[in-house]
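# Tertiary structure, described
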Amino acid sequence: MAKHKTPLLDQLESGPWPSFVSDIKQEADARAKNEQGLDYQIPVDCPDDLLGVLEMSYTDGETHWKHGGIVGVFGYGGGVIGRYCDQPQMFPGVAHFHTVRVAQPNGKWYNTELLRNLVKIWDLRGSGLTNMHGATGDIVFLGTTTPQLEEIFWELTHDLEIDLGGSGSNLRTPATCLGMSRCEYACYDSQELCYNLTQEYQDELHRPAFPYKFKFKFDGCPNGCVAAIARSDLSFIGTWKDEIKINQEVVAAYVGGEIAPNAGAHAGRDWGAFDIQKEVVDLCPSKCISYDGKLTIDNKECVRCMHCINTMPRALKIGDERGCSILCGAKAPILDGPQMGSLLVPFIEVNKDDDYQAIKDIVENIWDWWMEEGKNRERIGETMKRLGMAALIDAAGVPVDARQVQEPRHNPYIFWKAEDVEGGWERDINDFRKRHQR
Ligand code: SF4
């Protein structure tokens, strides 16, 4: 029987969608019954008190979590977010309710044994409530007490060989899509690059030294299954340099209705038979496809949006010269509003050790600049806006390139230094005038 009356929270269970309130109630019930006979290491009514304090916050219109100081595990400066309740007498089960961030497996590959072992630790030493996964990508363990932290850390790292994730002003847990482990579109081994950089930058992950948080995310292709372009300070997005491969016979099979478009994802489509003009040609953002019985793509205009490939995956394939683009500066709307990443490196190969080293050189150049120039709690995207993209390009040590546009399709006014352009800008202006007969 629930300890606290929660009429406001109860309303959140009334819709057709899954409710976190129901989940917490379920855990509260399970703990009260304790059918497994567990020797709970934190107060057994923790989930119940969590419901109580949340109801009180809704009634009062203010939070009852307070910032109570820094907690963590020995040798690490991040990975645990301290949380204390400001009404501990009323809700002793959540007097401490610390969150533990746990690094997710690469590409979120689990087996059931790992999931069971994670839950075993958390049932015993925490609230039993998890968030799979947090916005950064970590496994999030919600709610434990200070004395349990070292125990949890020991069991995670020694028994399961899983590390804590990042929190605070450090490198956050890098995240990647499934990449080459499952996806035919992966243009580089996003899991390998994610793993390699995670190992290389252990110090930056666990010992906060940055002005603010810093996230890496790795998308194997422009479909962006981890949405790196919008969610990471430095995003690595797979792409290709050469041409989209077209199998005209298979295109004809799509047009003739022999193969379902979008890999059959719109099985119940009610807008008629597949229309290549409407569903592919007209939707190409750079208008570089045409179809007149034969599909033609003007590849130099293609922006690698993946639309045509996603629609006719058996007819169109990504090119063979594969690598990734690196974008910098995306963030959620904390200070200056949300921001997408700006293109910093249009194309880099990701195969050999030298390629990995080139990527690390760029990363470290950017960090050196940001640690020198960034204000306290300023994301790199904000430093870039404040000091200009040219300053970031200079600092990163990458060649200047016409594609490094701060706000694509909005701001074409990048000012070059004459020496950056072979032959100088006068030549370009003369060419332009000639072409337009001015
Ligand atoms: Fe057009 Fe996108 Fe296909 Fe390129 S990938 S040809 S931009 S639809």
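Provided above is the structure to which this section pertains.
Residues numbered from 1 in each chain as written. Predicted model: local features only at pLDDT ≥ 70, side-chain atom pairs only at ≥ 80, totals over all residues. Heavy atoms only, no water.

### Notes on the overall build of the chain
What the chain contains, in helices and strands, is 15 helices and 15 strands. By its C-alpha atoms, the chain is 80 × 55 × 45 Å across when sized along the principal axes. Within the chain, the proportion of its 438 residues that are buried is 47%. A fraction of 64% describes how many contacts in the chain between residues 6 or more apart in sequence connect residues 24 or more apart. Accessible surface, the chain as shown: approximately 23000 Å² in total, 51% of it carbon and sulfur. (Helix = DSSP H or I, 4+ residues; strand = E, 2+ residues; numbered from the N terminus. Buried < 20%, exposed > 50% of the residue type's maximum accessible area, 1.4 Å probe, protein only. Contact = heavy atoms within 4.5 Å. Areas by Shrake-Rupley, 256 points an atom, 1.4 Å probe, with all protein chains shown as cover.)

### Regarding the packing of helix α6 (residues 190–200) against helix α12 (residues 353–373)
At a minimum axis distance of 12 Å, the contact between α6 and α12 shows a crossing angle of 55°. When the axes of α6 and α12 are compared, the pair comes out oblique. Both α6 and α12 take part in a crossing whose hand is right-handed. Within the contact between the two elements, α6 uses E192, L193, N196, L197 and E200 and α12 uses Y356, I359 and K360. Split by residue class, the contact of α6 with α12 holds four nonpolar, one polar and three charged. (Axes fitted to C-alpha atoms, helices over the stretch in contact; angles between N-to-C directions. Parallel < 35°, antiparallel > 145°, perpendicular 65-115°, else oblique. Left-handed = near helix turned anticlockwise from the far one by under 90°. Nonpolar A, V, L, I, M, F, W, Y, C, P; charged D, E, K, R; others polar.)

### What to know about the site of the ligand
Taken together, 13 residues sit near the ligand, with C284, C302, C305, M306 and C308 positioned nearest. Among the residues making up the shell around the ligand, the classes are represented as 10 nonpolar, two polar and one charged. (Near = heavy atom within 4 Å.)

### Focus: the nonpolar core
Core analysis: the largest hydrophobic core is formed by 36 residues, its most contacted members being F216, F236 and L344. Within the residue set of this core, elements represented by two or more residues are α6, β8 (216–219), β9 (234–240), β14 (322–328), β15 (342–348), α12, α13 (380–387) and α14 (389–396). Among the elements that take part in this core, α12 stands out by supplying eight residues, more than any other. If near-sequence neighbours (up to four positions away) are discounted, L344 is found in contact with I326, L327, C328, I362, I366, L392, I393, A396, V398 and Q404. Membership of the second largest hydrophobic core comes to 27 residues, among which are V251, Y254, C308 and L316. (Core = buried A, V, L, I, M, F, W, Y, C linked by side-chain atoms within 4.5 Å.)

### Considerations on helix α5 (residues 149–159)
Taken together, the buried positions of α5 are L149, I152, F153, E155 and L156. For α5, the angular spread of the buried residues around the axis is 170°, confining them to a single face. Facing away from the buried side of α5, by more than 90 degrees, are the exposed residues W154 and D159. Against the buried residues of α5 lie β2 (80–81), β4 (99–102), α4 (112–125) and β6 (139–142). (Arc of directions from axis to C-beta.)

### A closer look at the pairing of β15
Of all seven residues in β15, six are buried; the element is thus mostly enclosed. Pairing geometry for β14 and β15, over four bridges, is antiparallel. Following the sheet pairing, C324 is matched in β15 by I348. (Pairing = 2+ DSSP bridges.)

### Describing the sheet that holds β2
Spatially, four strands are ordered β2-β4-β6-β5 in an open sheet, and the strand pairing comes out antiparallel. The open sheet is flanked by β2 and β5 (129–132), the only strands paired with a single partner. Pairing geometry for β5 and β6, over four bridges, is antiparallel. Bridged to M132 within β6 is I139.

### Description of the environment of N310
Along the chain, N310 falls in helix α11 (residues 307–311). Taking the C-alpha atoms as reference points, N310 and K241, 69 residues apart in sequence, are found 18 Å from one another. Filtering out sequence-adjacent residues up to four positions away, N310 remains in contact with Y185, N223 and N262. A distance of 2.8 Å separates the side chain of N310 from the side chain of N223, its partner in a polar contact. (Polar contact = N/O pair within 3.5 Å; in protein donor to acceptor, adjacent residues only side chain to side chain.)

### Notes on a negative patch on the surface
The grouping of D361, E364, D368, E372 and E373 at the surface amounts to a negative patch. Its place among the elements puts D368 in helix α12. (Patch = residues over 30% accessible without salt bridge, like charges linked within 9 Å, V, L, I, M, F, W, Y side chains within 5 Å. Salt bridge = Lys/Arg side-chain N within 4 Å of Asp/Glu carboxyl O. Lys, Arg positive; Asp, Glu negative; His and termini not counted. Charge placed at Lys NZ, Arg CZ, Asp CG, Glu CD.)

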